[in-house]
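Here's the letter readout for the chains.
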Amino acid sequence: MPPPCLGYTSQHSRYTQEYDQWARWTYASPPAETISLKILAHYEGGPRRGRSQTTAFGNICEGKKDIDALISAHDLVPIALDTIIPKVKRFCPSFPWRFDEFTVRDTDWVDLAEHQSPVPFFYSQCLQPACKNLKAMTFKSKQFTLYVVVPAAQWLEFEAFMEKEKSADSTTEDASAAIISSDEGDGEQLTTSSHTPSTLPAASTSTEDLAHCPFHTRVAQTTFVPACISSQIALHNDEAMEATDALIGTAATTPAMKRTVVSPTPAATSPPRKIPALAPFVSPSRTHLREALKSGGKSELDVDNVLTQAFETIQFYPIPTQPLAEILENPRYCSFNLNLSKTYPGRLRVDQSPKSFIGIGGFKTAQSGLLMLTPPSPSGLGSKVHDNVVVKRPFLRPPTLNPSTSSTGPPPGGSQRIIRFSLGDELPKLHCEANTLYWAKALLTMTYDFIDSAISSAASVPPFKIPRLRFVEAGLALAHSQFTKGLVKPKFGGTVCGVYLLEEKIEGGSATFTKYIHNMDCRPSLSVHEDGYDIAEFLAFTQHVQYSKTGGLVFISNYQGSHMLLTDPQILTDPSIGDGSDVFSEGNVESTVASFEKHHECNQFCKWPGFGLNEFGAAVTGVCESLNP
């Protein structure tokens, strides 16, 4: 037997197991930050206990798990109401509850519907100092209590309703008791010998014969029951036997009595159920099984696809479609404001692999992503539980990179190098992109309003169809981290660790993606015979409408996308708007607006008399129309 190896102990035998376990923990997705809720039904008033302002009813108490810790007070309200309202309906289905008057409150008696702050409601209460670094905060899941409160006035109506129901039930019971006592007066007591004898003839079967018959035989022949008992047919077997024996003993001493004959009711029997026949067993195909074993036995795992998935805890700010009239009336709506936008907490999965790149433009990258909001938004982006999105971020090219290598497809093998901006520089750039899309939506909506109004009031229908397009639904996603990396205090002191521009995904890929009008041009980029020229011609017409109806101040350019969805627009303004400063990013080429009347070529849309537009072009000059149509 060889001597044992020196330097190793029995603990080293677990090396492989420990290695695999730590490897799984290293590449596992971060744990979700969730909380649990305890939701109770209360009403205002009643015998209050302790600090509570309300009283529980119906023992209605429900729990909810795996609630996103970043959920706001506004989003907690529908969760609590959807959980408790079905229980309240079952508690008293006959009462007309007014569920819109119910309020949701926490233990501090804060009305969550009136709490308009977009900040996560319970998240700060889940943060506690880390064990090793007291300056760093770590997340710990907790349970919080919410109350769905019925207003005092509605509860008083409910109590009055129940009193009325109770009095109606008691009236019904008294009437039933009076009917039963009347029936008992008409019948005759078996044990009383002073009642008037019945005039009915005696039964043909003697009492002595009945006394010697078995119970089931006696019931099958004749059973003497008083009239007061005849209504109670559904007696148990033991009670029926005792009643019959008592009747027989009484009949021997009282020969003439009122008799009621009860015919036996045969038990309802059903035929045995037939077991459904099973399908005959069929052996698997040997050829197909061989191929399946060859393919499934390899168990190949795309490691790169798994390890390049990044999950972020985000706060999503959707970009609304604001009418231009409201933007002009309210100065707060003049730009896309994160403080005024609705916000939704959730998670974002971003694929960091080179294959996930949908395109690399001159300034931004586009990658595949998955948006998961909790709860989902009512409409638009994030309304699905798992919404496929396009994740866009700005970048810088290294000075040594050849600009001619830019493409609209994924980087071949990840050969293209890009440099990301710092968070302080990236956030303003993406906010500018979101604000440009915000204004593009408003201007395109104004254009379609003008088109619809002109067609409805025109004397004849236009000889062409109006394409219906819209800009993609989009929003900004701010990623938050619960940990502070390193011992150095961050520059901004917050928990924001990343920012993304999320857009609705245009299906079809590069095969359906078309550049209709370039940024520095006001004419279609397509030739007459190319697919999509009719849309490009219509979009050039929308520029004419926007330029005319805004008094030559602004129109949309850089139209691109599919036959239904548009993306990445650019707002071009008159030089008097910027007054020497950059507005709507560096892509705002003001000279294009200044020379629009000279270079724009009017098409069939522009020339239709129903729209009443002045023709522009090299041979036409004139003054812009007023702002009002």
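In this report, we go over the structure that sits alongside the text. (Residues numbered from 1 in each chain as written. Predicted model: local features only at pLDDT ≥ 70, side-chain atom pairs only at ≥ 80, totals over all residues. Heavy atoms only, no water.)

**Side note on unusual backbone geometry**
With an omega of -5°, the peptide bond running from Thr374 to Pro375 counts as cis. Summarising the element assignment, Pro375 is placed in the loop between strand 10 (364–373) and strand 11 (387–394). Although it is not a glycine, Asn558 adopts a positive phi angle of roughly 60°. Structurally, the position occupied by Asn558 is in the loop between strand 16 (554–557) and strand 17 (560–561). (Helix = DSSP H or I, 4+ residues; strand = E, 2+ residues; numbered from the N terminus.)

**Structural notes on the nonpolar core**
Ranked by internal contacts, the top residues of the largest apolar core, which has 58 residues, are Tyr516, Phe538, Phe541, Tyr559 and Phe611. Breaking this core down by element, the ones donating at least two residues are helix 10 (324–329), helix 11 (423–457), strand 13 (474–480), strand 14 (496–504), helix 12 (533–549), strand 16, strand 19 (570–573) and helix 16 (604–607). Setting aside residues no more than four positions away along its own chain, Phe541 makes contact with Ile451, Asn603, Phe605, Cys606, Phe611 and Leu613. In this structure, Phe57, Ile67, Ile71 and Trp97 belong to the second largest nonpolar core, which totals 37 residues. (Core = buried A, V, L, I, M, F, W, Y, C linked by side-chain atoms within 4.5 Å. Buried < 20%, exposed > 50% of the residue type's maximum accessible area, 1.4 Å probe, protein only. Contact = heavy atoms within 4.5 Å.)

**Quick look at the pairing of strand 13**
Buried residues dominate strand 13, accounting for six of its seven residues. Judged from the six bridges that link them, strand 7 (residues 309–318) and strand 13 form a sheet pairing that is antiparallel. Paired with Tyr317 across the bridge in strand 13 is Leu476. Pairing of strand 13 with strand 14, which is carried by seven bridges, proceeds in the antiparallel orientation. Opposite His480, over in strand 14, you have Val496 as the bridge partner. (Pairing = 2+ DSSP bridges.)

**What about the sheet that holds strand 2 (residues 54–68)?**
Overall, mixed pairing links the four strands, which are arranged 2-1-6-3 in an open sheet. Single-partner strands in this sheet number two, and they are strand 2 and strand 3 (103–106). Each neighbouring strand pair of the sheet contributes to a mean axis angle of 25°, computed without reference to strand direction. (Axes fitted to C-alpha atoms, helices over the stretch in contact; angles between N-to-C directions.)

**Some words on the packing of aromatic side chains**
Scanning the model with the defined rule gives 33 aromatic pairs in all. Here Tyr448 and Phe538 contribute two aromatic rings whose centre-to-centre distance is 6.0 Å and whose plane-to-plane angle is 35°, an arrangement assigned as tilted. In this pair, Tyr448 is assigned in helix 11 and Phe538 in helix 12, connecting sequence segments 90 residues apart. A relative accessible area of 9% means that Tyr448 is categorised as buried. (Phe/Tyr/Trp six-rings, centres within 6.5 Å; stacked < 30°, edge-to-face > 60°.)

**Remarks on the side chain of Arg105**
In this fold, Arg105 is placed in strand 3. At 4.3 Å, Asp111 is the nearest oppositely charged side chain to Arg105, a buried residue that forms no salt bridge. Side-chain polar atoms of Arg105 contact the backbone oxygen of Trp109, separated by 3.3 Å. (Lys, Arg positive; Asp, Glu negative; His and termini not counted. Salt bridge = Lys/Arg side-chain N within 4 Å of Asp/Glu carboxyl O. Polar contact = N/O pair within 3.5 Å; in protein donor to acceptor, adjacent residues only side chain to side chain.)

**Here's the deal with a positive patch on the surface**
Taken together, the side chains of Arg286, Arg290, Lys294 and Lys298 define a basic patch exposed on the protein surface. You can call Lys294 partly exposed: its relative accessible area is 49%. (Patch = residues over 30% accessible without salt bridge, like charges linked within 9 Å, V, L, I, M, F, W, Y side chains within 5 Å. Areas by Shrake-Rupley, 256 points an atom, 1.4 Å probe, with all protein chains shown as cover. Charge placed at Lys NZ, Arg CZ, Asp CG, Glu CD.)

**Overview of the pattern of salt bridges**
Inspection of every chain in the model, using the stated rule, returns 13 salt bridges. For Glu601, the salt bridge is made with Arg523, and the minimal N-O distance between the two is 3.6 Å. Placement of the pair is Glu601 in the loop between helix 15 (596–599) and helix 16 and Arg523 in the loop between strand 15 (514–515) and helix 12, with a sequence separation of 78 residues. Ionic contacts of the salt-bridge type, sharing partners, join the residues Lys364, Lys392, Glu433, Glu503 and Asp568 into one network.

**Some points on the packing of helix 11 against helix 12**
In the contact formed by helix 11 and helix 12, the axes pass within 10 Å of each other and the chain directions differ by 90°. By the criterion of interaxial angle, the relationship of helix 11 to helix 12 is roughly perpendicular. Packed against helix 11, whose contacting residues are Leu443, Leu444, Met446, Thr447, Tyr448, Phe450 and Ile451, the element helix 12 presents Phe538, Phe541, Thr542, Val545, Gln546 and Lys549 at the interface. Grouping the amino acids of the contact of helix 11 with helix 12 by side-chain chemistry returns nine nonpolar, three polar and one charged. (Parallel < 35°, antiparallel > 145°, perpendicular 65-115°, else oblique. Nonpolar A, V, L, I, M, F, W, Y, C, P; charged D, E, K, R; others polar.)

**Brief notes about the environment of Phe121**
Position of Phe121 among the secondary structure elements: in the loop between strand 3 and strand 4 (127–129). What makes Phe121 buried here is its relative accessible area of 12%. Measuring from C-alpha to C-alpha, the distance between Phe121 and Asp75 comes to 9.6 Å, with 46 residues separating the pair along the chain. Leaving out residues up to four positions away in the same chain, Phe121 has contacts with Ile71, Ser72, Ala73, Leu76, Asp106, Leu112 and His115.

**Side note on helix 12**
Within an α-helix, residues lying three or four positions from one another point in the same direction, as the helix has 3.6 residues per turn. Taking 1.5 Å as the rise per residue, helix 12 with 17 residues should run 24 Å; its terminal C-alpha atoms sit 24 Å apart, in good agreement. Most of helix 12 is tucked away: 16 of the 17 residues are buried. One or two residues past the end of helix 12 sits Gly551, with phi positive at roughly 70°. (Expected span 1.5 Å × (residues − 1).)

**Let's talk about the pairing of strand 1 (residues 34–44)**
Summarising burial for strand 1: nine of the 11 residues are buried, a large majority. Relative to strand 2, strand 1 runs antiparallel, the two sharing nine bridges. Looking across to strand 2, one finds that Leu40 is bridged to Cys61. Of the pairings in the sheet, the one linking strand 1 to strand 6 (residues 143–150) comprises eight bridges and is parallel in character. Looking at the pairing, Leu40 lines up with Tyr147 of strand 6.

**Brief notes about the environment of Pro320**
Of note, Pro320 is situated in the loop between strand 7 and helix 10. What makes Pro320 partly exposed here is its relative accessible area of 32%. Separated by 121 residues in sequence, Pro320 and Lys441 have C-alpha atoms that sit 8.4 Å apart. Once residues lying within four places of it in the same chain are set aside, the contact partners of Pro320 are Phe336, Tyr438 and Lys441.

**Focus on a nonpolar patch on the surface**
Taken together, the side chains of Leu301, Val303, Val306 and Leu307 make up a nonpolar region of the molecular surface, amounting to roughly 360 Å² of accessible area. Relative to the assigned elements, Leu307 resides in helix 9 (residues 303–307). Overall, the relative accessible area of 40% leaves Leu307 in the partly exposed class.

Purely spatial values, then, with no claim about function.
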